[in-house]
Amino acid sequence: MIHALPLARLEDVLPFAIPIIIFMIPIIAILTRHQQRMAELMHQRQPVDDNVSHQLMAMQVELRHLRELTTQNTLALDDVRSKFDRQQERESGIPERLQG
């Protein structure tokens, strides 16, 4: 039967463990305070993010509207141009028929 030997005795480890624990306390306090500050910054920033998000959505709606207007105006301009071209063809065709 194999007996498990302890890796170290408590009396041997205790002189090393105490200073490690003593140095960990301020490190944990620093990290905790840092986490609190970051959480405060995130909560302060959230309304700004919501406002930016709202503005972005409004700009997207406006851009979509402007694209629709541009498309409508382009189609209307093409329609006017084609009517003008047909009118020009009719007017230019009349003298040729009269001459011919």
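Because the structure is predicted, anything quoted here is derived from the model rather than measured.

(A) Expanded view of the overall build of the protein. Scanning the protein from N- to C-terminus turns up 1 helix and 0 strands. Counting the 100 residues in the protein, one finds 1% classified as buried. For the protein, the accessible surface area stands at approximately 10,000 Å², while carbon and sulfur atoms represent 65% of it.

(B) The pattern of salt bridges, seen in detail. For the structure on display, the rule yields 4 salt bridges. Glutamate 11 is the partner of arginine 9 in a salt bridge, and the nearest nitrogen-oxygen pair spans 3.9 Å. Assigned by exposure class, arginine 9 and glutamate 11 land together as exposed. The partner of aspartate 78 in a salt bridge is arginine 81, and the shortest N-O contact between them spans 3.9 Å. Remark: arginine 81 and aspartate 78 occur in helix H1 (residues 10-99); sequence separation between them is 3 residues, near one turn of the helix. On the accessibility criterion, arginine 81 (47% relative accessible area) is partly exposed. Salt bridges sharing common partners tie together Arg9, Glu11 and Asp12.

(C) Spatial organisation of a nonpolar patch on the surface. Together, Leu10, Leu14, Ile18 and Ile22 give the surface a local cluster of nonpolar side chains, amounting to about 400 Å² of exposed area. Secondary-structure assignment places isoleucine 22 in helix H1. Relative accessible area serves as the criterion here: at 52%, isoleucine 22 is assigned to the exposed category.

Here is what the cut-offs are and how they apply
All residue numbers refer to position in the chain's written sequence, counted from 1. Owing to the predicted nature of the model, reporting of local features is limited to residues with pLDDT of at least 70; listing and counting of side-chain atom pairs is limited to 80 or more, with chain, interface and lining totals taken over all residues. Values shown for side chains rest on all heavy atoms present in the structure; no hydrogens or waters enter the calculation. Numbering goes from the N terminus for both helices and strands, where a helix is a DSSP run of H or I of at least four residues and a strand is a run of E of at least two. Type-normalised accessible area, obtained with a 1.4 Å probe on protein chains alone, sets the label of each residue: buried when under 20%, exposed when over 50%, and partly exposed for intermediate values. Only the protein chains shown count as cover for residues, and all accessible areas are computed by the Shrake-Rupley method using a 1.4 Å probe. We define a salt bridge as a side-chain nitrogen of Lys or Arg found within 4 Å of a carboxyl oxygen belonging to Asp or Glu. Patches here are clusters of residues that have more than 30% relative accessible area and form no salt bridge, with a 9 Å joining cutoff for like charges and a 5 Å cutoff for nonpolar side chains (Val, Leu, Ile, Met, Phe, Trp, Tyr).

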